Amino acid sequence: MGFLWTLVALVVVLAIAWRFLGQYMAAVYEGRVKWAAFVERPFYRLMGVDPEAEQSWQRYAASLIVFSGIAILATYLILRTQAYLPFNPQHLPNVTPALAWNTAVSFVTNTNWQNYSGETTMSYLSQMGALAVQNFVSASVGIAVAVALIRGFSRKGSKTIGNFWTDLTRGILYILLPISFIGAIIFMAQGALQTLGGPVHIHDVLNGFNQTIPRGPVASQEAIKQLGTNGGGFFNANGADPFENPTGLTNFLSISLILCIPVGLTYTFGKMVGSVRQGVAILAAMAIIFGAWLAIGTFAEHQANPAVTAAGLTHQTTGNMEGKEVRFGDTSSALYNVVSTQTSTGSVNSANDSYNPMGGFTTMTGMMLGEVTPGGVGSGIYTILIYAIIAVFIGGLMVGRTPEYLGKKIQAAEVKLAALGTLVMPITVLILTAIAVSVHAGQVAPLNKGPHGFSEILYSFTSVTNNNGSAFAGLSSNTAFYNIIQTFGFLLGRFAIIVPALALAGTLAAKNVVPASLGTFRTDKPIFVGLLIGVILIVGALTFFPAVSLGPIVEQLSHGKFF
Amino acid sequence: MSDLDNISAAKTVDSGSSSSVKKARQGRSLFDRQILGQAFAEAFKKFDPRVQIKNPVMFVVLIGTVVTFFESIAHPSIFTWSVTIWLALTVLFANFAEAVAEGRGKAQADTLRRMRTETEARRLREDGTEEHVPAASLAKGDLVVCETGDIIPSDGDIIEGIASVDESAITGESAPVIRESGGDRSAVTGGTKVLSDRIVVKITAERGQTFLDRMISLVEGAQRQKTPNEIALTILLAALTIIFLPVVVALKPFAHFSGADVSVVVLIALLVCLIPTTIGALLSAIGIAGMDRLVQRNVLAMSGRAVEAAGDVQTLLLDKTGTITLGNRMASRFIPIDGHSEEELAGVAQLASLADETPEGRSIVVLAKERFGIRERALGSEHVFVPFSAQTRMSGIDLDGREIRKGATEAIKRWVVAQGGSPSSDLDHVADQVATAGATPLAVADGSTLLGIIELKDVVKKGIRERFAQMRSLGIRTVMITGDNPLTAAAIAQEAGVDDYLAEATPETKMALIKAEQEGGKLVAMTGDGTNDAPALAQADVGVAMNTGTTAAKEAGNMVDLDSNPTKLIEVVEIGKQLLITRGALTTFSIANDVAKYFAIIPALFVTTYPQLKALNIMSLHSPQSAILSAVIFNALVIVALIPLALRGVRFKPSSAAAILRRNLMIYGVGGIVAPFIFIKIIDLILTALHAY
């Protein structure tokens, strides 16, 4: 399948997901979908939750944080005790405290940064009972926050923004489980592994050595890894491993699964606020930035590797194929990695570390723009709505009215929360990177010197703080220093944005709606899309330009020179 | 309020000459030399950190300046000292902008203050005798006497007498107004002068709380508080300042890791260039200037909040009389009945109106002259003018034994019957026709003979239709408020092009309308002058009280129009919008500027370590130091360059939100990206030519 046809197919699949999955999700969160109520109701009874009871934003946020706290603890305990627990055919030891802490926080925050190789570290129980469970719940938490914020816009004079427990449950039950189930079957049919049988030991007669081939319940994990924009692979090689991502079709399926919920949520948003056009405007902003980055990324990877050129091999027949699977090729590999970094997935099917400088630039800066194009499940839309509030504030002023978005006046409280939500990520990335490059424990981790080494560190903190989990690689980060410092990125990047987002939901829900008139700054028009793109790009560029210029930009300008 | 009751209302609109006070208010150019001189001195005083801390953006610049100052002492070079000086100038320019804006208000306040000083009051003792006391010692509730030539010592209500008062000190209008006890024209303002007659005034203002005092503190900006939108914008600017702190601080370890060394002075220069100093420096000047623009139009806003709310208004409630129509109805047609000729009717009607000084009366005389050339006649001494009264509802003249009357149809009918005549059914028929068309019929009788009807028509102000169309394009709904019956109201509403009308309006229905609009999320503006308007003025988001109105009305509203011209509500809305647009435009400009500054500074920082980064020096600036210094100088000078814009406000033409946004984005967004590339390059060329770094 040619790259162009891949794109066409992707657009068609996403258009369908946008329209139908989007509408379905709106129905789910408005409580109109009930086909699994027989599972839902006993569950609420067990949890002692009244599904009809609405929560204020404070209660909603408190429920979310308590729930996430328990999730971290449970995951940590399972990893720390996996040696004593069943489903451990490889007799893997307990995970060390620093790594277990890092991994638990990483999965609960939907980051899925992995400072370990799954096949040699995690038992099947840890994979299925701890990590895969978090793949579901962390994704559902993200969507819940998005829906709560959307309710803030759609409600009028309301003290409440929904019920966290029902939102969480419905997201898993009605959206994530059914789609992953189907997805897993396709993965299996295409040859992805799904077994509890333990590794296979073979003796290679030809070469005369013994080999252990790890196996496990891979396909079931693979579907939710992509659908929930989690990205944590069963194996170290992630989407490049043929047991995880065996064919071109599974590669395409992966990309589709990653994008379908974030894209669909823009329809859900439009539907719930009463104007699909509003959702289209948000989607357009996402799509334009995504398209531009994809163009740069695939173009860059389709070029010859400058280091190889510099070494004297001036005629290269393919693009940069270092670190890529031959079955995917340069452009489709770039597509996968761009998709995975523009969402908060972070799964990879090729090595970012080996990308051409501008290819690495696209995956790194894709995250630096705040993961909003279209971003992670839920997190993409709630973060872009925060940017939209800033855009509306500046644009609204320029039409001479107290700015309003979807009829809600944007005043001091909203600006404060939106500013907070926007600032947390860049500040955290920059400070953590600054610490890492200043201390010995941080400096020794990158495998390369000069700008590429700097990129390896910068990329990792960009990734963890954006809850992406994509690794540039080339960074030996399973150390006490990185295991601990990264968790600050995970936690701040997740909860220091979720809490302002929920607070915004609360203040917006309480507001009255200003009726639209000719004097209103329309947020469903191209000019708003342009302004929103401008705000996303300018905030990203202003905060990261100096750092990026010391990494990929210098490298690009060095034409393959090593440092 | 029936319009006939309104006839005697004193209006001071559109009088020709203006007093010296008005000149002080309006005539001062944007950059009066005296104001500039004072502002320059003020700008130095504002270096006080206690003043600076209120503006987070400029406070960071001040701290940065102090740090570079010490760095320059430690590592002196022309470069470090140049940066330090230009950073200090950046703060100075910001202070200067604010001081200039304040200076205009201060100059006005000084003029007003001069009038307040040393007035003597004639206070009435309980026994009715007078005592002379200084005005400053008057308390609320005191009674004072004012006679011809006296300055009214403080605000109060007339409880006895009638006087013509020169209010030019407050309003700038030299034409005297009539003030009398009782009713809606009883309020007098301290500092105004009694021109004739004697009045007894009950003081209503506490010491230091008079209208004049409030006016002084308002124009001076002494109690200026940040408005809600200003607060929101300050938060955004603070956020844009905070974000650049880690950007710049982290650059030091990043550079170190990359094998480069970046000096503190350069990092501070970068920080100051990146934080939104342009809008940060001009923000308060924009707010003060917005208030000042209102003052120039003789509107006093009691708070900046009200000015901002004016920009948000979605519904304008406009009184018909004086706003949409000229203050009074005009005679437009003579309709004779019972076989009388039109000229006969005109002649009698003219006679009836010769001594009638109301605008309606004058208009009848004018129409008679226009239509039939009937000249004004000198009346002999043997005539008695019968003035209009609410009881008789007619007026007229007794002349040479004739008794001529004009007035409401029913009243004239009764008069004719009383005189022994019998009114024909023609009269009712014609009167109904006139009323249906939205005009007022005025019957004319000569003794027992009915001659016909004068059609009095509301004359819609010229150009008002276009103004309403502009308002509509801004998304503002106009609602006409009138005491007329629905039929008349509909006809005038149609002619004036308002979106809606409220006929037979009472204070209650007006209040209900405001509440209904507000419930729908809309902001409402209205004007009013009577005591019965006070609750509605208080309820409205923007309530403009007429200065001729009662004390109650003035206290209920959040703006006072000194000219008492209700049409100004539209201008108030435009000023409110212009204020917000100016803030938004300069914020956009400020942020957009950063792109060029990065391209100036980033290559300069690292080019020694990574010569490849020379490719980013797209302006091909001469050297790293000249590049950084040029950016810093541009950053400082752009503040000065934009002071006029901040004070005047960006150009505002009423049109749709989309059109306004597109225009401003082009000018201030795209222009904000392009302009600094050009000017930084020019500054760099000059510095290079001068070898001045």
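Note that this is a predicted model, so its numbers are computed, not measured.

Our next topic: the nonpolar core. Residues and elements named next belong to chain A. Residues I261 and Y405 are the most contacted members of the largest nonpolar core, which totals 278 residues. Both domains that meet at this core, namely domain 1 (2-276) and domain 2 (290-557), each give it at least three residues. Setting aside residues no more than four positions away along its own chain, Y405 makes contact with F153, F269, Q278, I282, L385, A388, I389, V392, I410, T523 and F528.

In this section: the pattern of salt bridges. Residue and element names in this part refer to chain B. Per the counting criterion, the structure on display carries 47 salt bridges over all chains. Two residues, R179 and E167, come together in a salt bridge whose shortest N-O distance is 3.1 Å. Taken together, the positions of R179 in strand β6 (residues 177-180) and E167 in the loop between β5 (162-166) and α6 (168-171) put the pair twelve residues apart, joining distant regions of the chain. Accessibility classification places R179 together with E167 in one group, the buried group. Ionic pairing is found between D561 and K568, a salt bridge with its closest N-O pair at 2.7 Å. The same class applies to D561 and to K568, which are both buried. By sharing partners, the salt bridges in this structure join R122, E130, E147, D150, E160 and R198 into a single network.

Counting residues at the interface gives 59 residues for chain A, matched by 57 residues for chain B. Where chain A meets chain B, there are one salt bridge. The salt bridge involving K409(A) is made with D312(B); its shortest N-O contact spans 3.9 Å. Summed over the shared surface of chain A and chain B, the result is ten residue pairs in polar contact (both at pLDDT 80 or more). Going through the elements one at a time, α14 (379-397), α15 (412-438), α17 (450-465) and α19 (526-558) of chain A are the ones with two or more residues in the side of chain A that touches chain B. Tallied by class, residues from the side of chain A that touches chain B come to 39 nonpolar, 16 polar and four charged.

Right, let's talk about the sheet that holds strand β21 (residues 542-546) of chain B for a bit. Residues and elements named next belong to chain B. On the basis of which strands lie adjacent, the open sheet formed by seven strands has the order β10-β22-β21-β20-β11-β18-β19 and mixed pairing. Whereas interior strands pair on both sides, the edge strands pair on one side only; in this sheet they are β10 (299-301) and β19 (500-502). Neighbouring strand axes in the sheet, compared pairwise and without regard to direction, differ in orientation by 20 degrees on average. Relative to strand β18 (residues 477-481), strand β11 (residues 315-319) runs parallel, the two sharing five bridges. In the sheet register, L316 faces β18, and the bridge partner there is T478. Here helix α22 (residues 568-606) sits on the sheet and contacts β10, β11, β20 (524-528), β21 and β22 (559-561); the angle it forms with β11, its principal contact strand, is near 155 degrees.

With that settled, the discussion passes to the environment of L138(B). Residue and element names in this part refer to chain B. Relative to the helices and strands, L138 resides in the loop between β2 (130-134) and β3 (143-146). A relative accessible area of 2% means that L138 is categorised as buried. In sequence terms L138 and N617 are 479 residues apart; their C-alpha atoms lie 71 Å from each other. Once residues lying within four places of it in the same chain are set aside, the contact partners of L138 are A121, R123, V133, V144, P153, S154, I203 and R207.

Here we take up the pairing of strand β17 (residues 449-460) of chain B. Residues and elements named next belong to chain B. In terms of burial, β17 is a largely internal element, nine of the twelve residues being buried. Strand direction decides the pairing type here: strand β16 (residues 440-446) and β17, joined by seven bridges, are antiparallel. Of the residues in β17, the one forming a bridge with P441 is E455. What sits between β16 and β17 in their antiparallel hairpin is a turn of two residues, with G447 showing a positive phi close to 65 degrees.

The next point concerns the domain arrangement of chain A. Residues and elements named next belong to chain A. Per the domain assignment, the segments of chain A are domain 1 (2-276) and domain 2 (290-557). Computed over C-alpha atoms, the centres of domain 1 and domain 2 are 21 Å apart. Taken together, the contact pairs 70 residues of domain 1 with 64 residues of domain 2. Here domain 1 and domain 2 share an interface that buries about 5,300 Å² over both sides, 73% of which is from carbon and sulfur atoms. On the domain 1 side of the contact with domain 2, W113, L149 and F153 bury the most area, a combined 15% of that side's loss. The interface formed by domain 1 and domain 2 includes zero salt bridges. Inspection of the region where domain 1 meets domain 2 yields 27 residue pairs in polar contact (both at pLDDT 80 or more). Counting residues per element, the ones that place at least two in the side of domain 1 that touches domain 2 are α1 (3-29), α3 (57-80), α4 (97-108), α6 (124-154), α8 (218-227) and α9 (248-273).

Moving on: the packing of aromatic side chains. Residue and element names in this part refer to chain A. For the coordinates displayed, the defined rule picks out 28 aromatic pairs over all chains. With a centroid separation of 5.6 Å and 80 degrees between ring planes, the pair formed by Y60 and F164 is classed as edge-to-face. Here the residue Y60 occupies a position in helix α3, and F164 occupies one in helix α7 (residues 164-189), the gap between them amounting to 104 residues. Taking the relative accessible area as the measure of exposure, Y60 reaches 0% and is therefore buried.

It is worth spelling out unusual backbone geometry at this point. In this structure, P374(A) follows T373(A) across a cis peptide bond, with omega equal to 0 degrees. For N298(B), which is not glycine, the phi torsion reads 65 degrees and is therefore positive. Take N298(B): it is sitting in the loop between α10 (277-296) and β10. Look at N298(B) and you get buried, because its relative accessible area is 0%.

What follows concerns the side chain of R401(A). Here R401(A) shows up in the loop between α14 and β3 (404-405). Engagement of the side chain of R401(A) in a polar contact is seen with the side chain of E404(A), the distance being 3.0 Å. A distance of 3.5 Å separates a polar atom in the side chain of R401(A) from a polar atom in the side chain of T520(A). Once residues within four sequence positions are removed from consideration, R401(A) is found in contact with G396(A), V514(A), S517(A), G519(A), T520(A), G311(B), D312(B), Q314(B), L474(B), K577(B) and L580(B).

Moving on, we come to the packing of helix α4 (residues 56-74) of chain B against helix α9 (residues 264-274) of chain B. Residue and element names in this part refer to chain B. In the contact formed by α4 and α9, the axes pass within 10 Å of each other and the chain directions differ by 160 degrees. The orientation of α4 relative to α9 falls into the category roughly antiparallel. α9 is crossed by α4, and the crossing has left-handed handedness. Contact residues: α4 offers V60, V61, G64, V67, T68 and E71, while α9 offers V264, V265, I268, L271 and V272.

Our focus in this paragraph is the packing of α1(A) against helix α12 (residues 329-342) of chain A. All names here are of chain A. It is at 10 Å that the axes of α1 and α12 come closest, and there the two elements cross at 30 degrees. Classified by the angle their axes make, α1 and α12 are roughly parallel. In contact with F3, T6 and L7 of α1, α12 contributes T331, S332 and L335. Here the residues of the contact of α1 with α12 are counted per class, giving three nonpolar, three polar and no charged.

Once that is clear, we can look at helix α16 (residues 425-436) of chain B. All names here are of chain B. Across its twelve residues, α16 extends 17 Å between first and last C-alpha, which sits within 8% of the 16 Å expected from 1.5 Å per residue. Taken together, the buried positions of α16 are occupied by L427, V430, A431 and V434. Projected down its long axis, α16 carries its buried residues within an arc of 100 degrees, all on one side. The exposed residues of α16 that point more than 90 degrees off its buried face are S425 and D432. Just past α16, the residue G438 takes up positive phi, approximately 90 degrees.

Calculation criteria
- Residues numbered from 1 in each chain as written.
- Chains lettered and ligands numbered in written order.
- Predicted model: local features only at pLDDT ≥ 70, side-chain atom pairs only at ≥ 80, totals over all residues.
- Heavy atoms only, no water.
- Core = buried A, V, L, I, M, F, W, Y, C linked by side-chain atoms within 4.5 Å.
- Buried < 20%, exposed > 50% of the residue type's maximum accessible area, 1.4 Å probe, protein only.
- Domains from an automatic or database assignment.
- Contact = heavy atoms within 4.5 Å.
- Salt bridge = Lys/Arg side-chain N within 4 Å of Asp/Glu carboxyl O.
- Helix = DSSP H or I, 4+ residues; strand = E, 2+ residues; numbered from the N terminus.
- Polar contact = N/O pair within 3.5 Å; in protein donor to acceptor, adjacent residues only side chain to side chain.
- Nonpolar A, V, L, I, M, F, W, Y, C, P; charged D, E, K, R; others polar.
- Pairing = 2+ DSSP bridges.
- Axes fitted to C-alpha atoms, helices over the stretch in contact; angles between N-to-C directions.
- Buried area = accessible area lost by both parts, 1.4 Å probe.
- Phe/Tyr/Trp six-rings, centres within 6.5 Å; stacked < 30°, edge-to-face > 60°.
- Parallel < 35°, antiparallel > 145°, perpendicular 65-115°, else oblique.
- Left-handed = near helix turned anticlockwise from the far one by under 90°.
- Expected span 1.5 Å × (residues − 1).
- Arc of directions from axis to C-beta.

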